[in-house]
Each structure stands twice: as C-alpha cells, then as structure tokens.
Amino acid sequence: MDAKQMRKNKWQTTIFLILIIMITYLSSFITKFNLIESIATIPAAFSWIFSNLLITEESLEKLPQILEKLGETIFMSIAATTLAGIVSLFLAIMGSKTTKVNQTFSVIARFIASFSRNIPVVAWSLILLISFGQNSVTGFLALFVATVGFLTRAFIESVDEANQSSVEALTATGATYFHMISKAVIPQSLPQMLSWILFMIETNIRSATLVGILTGTGIGYMFDLYYKNMNYNLVALITFTIIIAVIAIELVSNKIRRVIL
C-alpha cells in the first residue's frame, strides 16, 4: 500500500469517526440524554437491587409454580421454533437461487421472509393480541411468525452455499427436482440449518418472557404479575430461574452444534 492510499484511508477513518461523534451528540441532545447523570445513578441502582431483589424462604414456596410456568414457556418456544423451521425449509427451497421453481415463487418466499423478519416479535405480539386475545396461542403465533422470517433468510443462505457440483452431477444423470433436493441440497445444508434452529430456540426462550408479559402467558405473565404487586422477592426468584434455564439451554445447544458441525 503506497503513501497516498494510506493518507486516503486515514482521512476516511477520521471523517467516519467525526460523523459518529456528531451523530451521537445530536442524538443525546434530541433525547436529552445526560451521560454524566446516568453514570451517577449506577451506585443507587445497584444499592436498590441488592436491597430488594432477595430470594427469601417465603418466595421459595412458589418455586414449583414458577418452574411450571417456565416449562410452559420453554416448550412453547421449542414448538414455535420447530414448526417455523419446517415452514422455513419449504420457503427457503422456493426462495433459493439454487432450488427455486420459478422467479415468482422465489420473490414471494423472500417477501414473506423479509416482511415477517423486519417486524419485531413485540410488535407481532401486539398485532396478534388484538385478534386472538391474551392466551398462549397469541404468544405461540408471535414467536412462530418472527422465527419464520429469520430462519427462511438463514436457510436460503445455507442452500445457496451448498456445493453446486453434486447438484449439477445429479441433474446431468436425469435426476428429478425432488431427488436433487433430497440427495444433494438438504444433506449438505442440514447441519447448518439445525444449528440455526438451535440458535433460534435459545433466542425465542428469551423473547418468550417478554411476549408472555404482553400476552399474559408463561413465565412472563408471572413476572409481570409479581412485579406490579411489588413482590420483589418473587421477581428475584423468577429472574434467577430464567437466567439458569437460558444458560443451561445455551450450554446444551452449543454442545449439540459442535457435534453436528
């Protein structure tokens, strides 16, 4: 790299940093955010946490109910992700450049993925809440729709990255479209797809807590109920069980991903 190019890169980096600083300052000014005041409140925040979020013997009596709701949330997340994975597989096959049937189906599949992915799961919860009310179906559908968008995009990329030589070899031997998909594309893409499904199960378990607050289901509803009643001892216990469950599932998921990849 010559000196002229180095100077050019240096100026580009400097201009970029200046723009970031200006945007940050402008955002702070518009939102009236004060960094110094925010940092000054941190000791008080930690003091409140250690004074109020304590797990007591009385709160432990509610542990069986908390675990029941936590299990409901976990199984709902797994069910929503699994079903979304099946739907996303078909959409990915239609949307991928390698396996698309025609351009129309490809555009439709990509539009569905983009539309459902770009609306946050919280927004989907509020939209579906109007139609289905506060129940587990609403939470399930919110997770399902948001997951379909993400997994379809991820699956399309996995299919596009499949080795084209095996596809071309099967096509040359006169194999049908379904043989080409089942014998060449899916076997190559399946490990990556399973990895994405496991990742979304982890993500949806976290999201399901927030969805539960909005839809009145699962561990999220129990958290919201005791928080509004200012029963912070139970809030602490619920938070602790959620953290332990998420960490345990993440460890299991990472181990499975290492095996299949």
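Bear in mind the structure is a predicted one, so any value in this text is a computation, not a measurement.

What counts as what
- Residues numbered from 1 in each chain as written.
- Predicted model: local features only at pLDDT ≥ 70, side-chain atom pairs only at ≥ 80, totals over all residues.
- Heavy atoms only, no water.
- Core = buried A, V, L, I, M, F, W, Y, C linked by side-chain atoms within 4.5 Å.
- Buried < 20%, exposed > 50% of the residue type's maximum accessible area, 1.4 Å probe, protein only.
- Helix = DSSP H or I, 4+ residues; strand = E, 2+ residues; numbered from the N terminus.
- Axes fitted to C-alpha atoms, helices over the stretch in contact; angles between N-to-C directions.
- Parallel < 35°, antiparallel > 145°, perpendicular 65-115°, else oblique.
- Left-handed = near helix turned anticlockwise from the far one by under 90°.
- Contact = heavy atoms within 4.5 Å.
- Nonpolar A, V, L, I, M, F, W, Y, C, P; charged D, E, K, R; others polar.
- pLDDT = per-residue confidence, 0-100.
- UniProt positions renumbered as here; feature names shortened; annotations may be inferred.

> Describe the nonpolar core, listing the residues and the values that go with them.
Of all hydrophobic cores here, the largest spans 27 residues; its most connected members are I66, L70, F155, I219, Y226, I238 and I242. For this core, the elements supplying multiple residues, two or more each, are α5 (63–95), α8 (136–160), α10 (177–215), α11 (218–228) and α12 (232–260). If one sorts the elements of this core by residue count, α10 sits on top with eight residues. Formed by 15 residues, the second largest nonpolar core is a distinct cluster that contains L91, L143, V148 and V211.

> Explain the packing of α10 against α11 to me, using residue names and the numbers behind them.
The contact between α10 and α11 brings their axes to 6 Å, and the two run at 60°. Comparing their axes, α11 and α10 come out oblique. Crossing angle aside, the handedness with which α10 passes α11 is right-handed. For the pair α10 and α11, contact is made by T209, G212 and I213 and by I219, G220, Y221, F223 and D224, respectively. Classifying every residue of the contact of α10 with α11 by side-chain character gives four nonpolar, three polar and one charged.

> Describe the confidence of the model for the chain, with residues and values.
Per-residue confidence for the chain averages 84 on the pLDDT scale, and 96% of its residues sit at or above 70. Confidence scores differ between elements of the chain, with helix α9 (residues 164–172) showing the lowest mean pLDDT of 70 and α5 the highest of 90.

> Outline the UniProt feature "transmembrane region" (unreviewed entry) in the chain, supporting the account with residue identities and numerical values.
Under the feature "transmembrane region" (unreviewed entry), the UniProt entry names residues 12–30, 36–55, 75–95, 107–130, 137–156, 176–201, 208–227 and 233–252. In the segment residues 137–156, helix accounts for 100% and strand for 0%; the C-alpha atoms at its two ends are 28 Å apart. The annotated region residues 176–201 carries 96% helix and 0% strand content, and the separation between its end C-alpha atoms amounts to 34 Å.

> For unusual backbone geometry, give the residues involved together with the corresponding values.
Of note in the backbone geometry, K32 takes a positive phi value of approximately 60° without being a glycine. Inspection of the secondary structure puts K32 in the loop between α1 (3–31) and α2 (35–40). At M230, a residue that is not glycine, the phi angle is positive and equals roughly 60°. By the element assignment, M230 lies in the loop between α11 and α12. Classification of M230 by relative accessible area gives exposed; the value is 58%.

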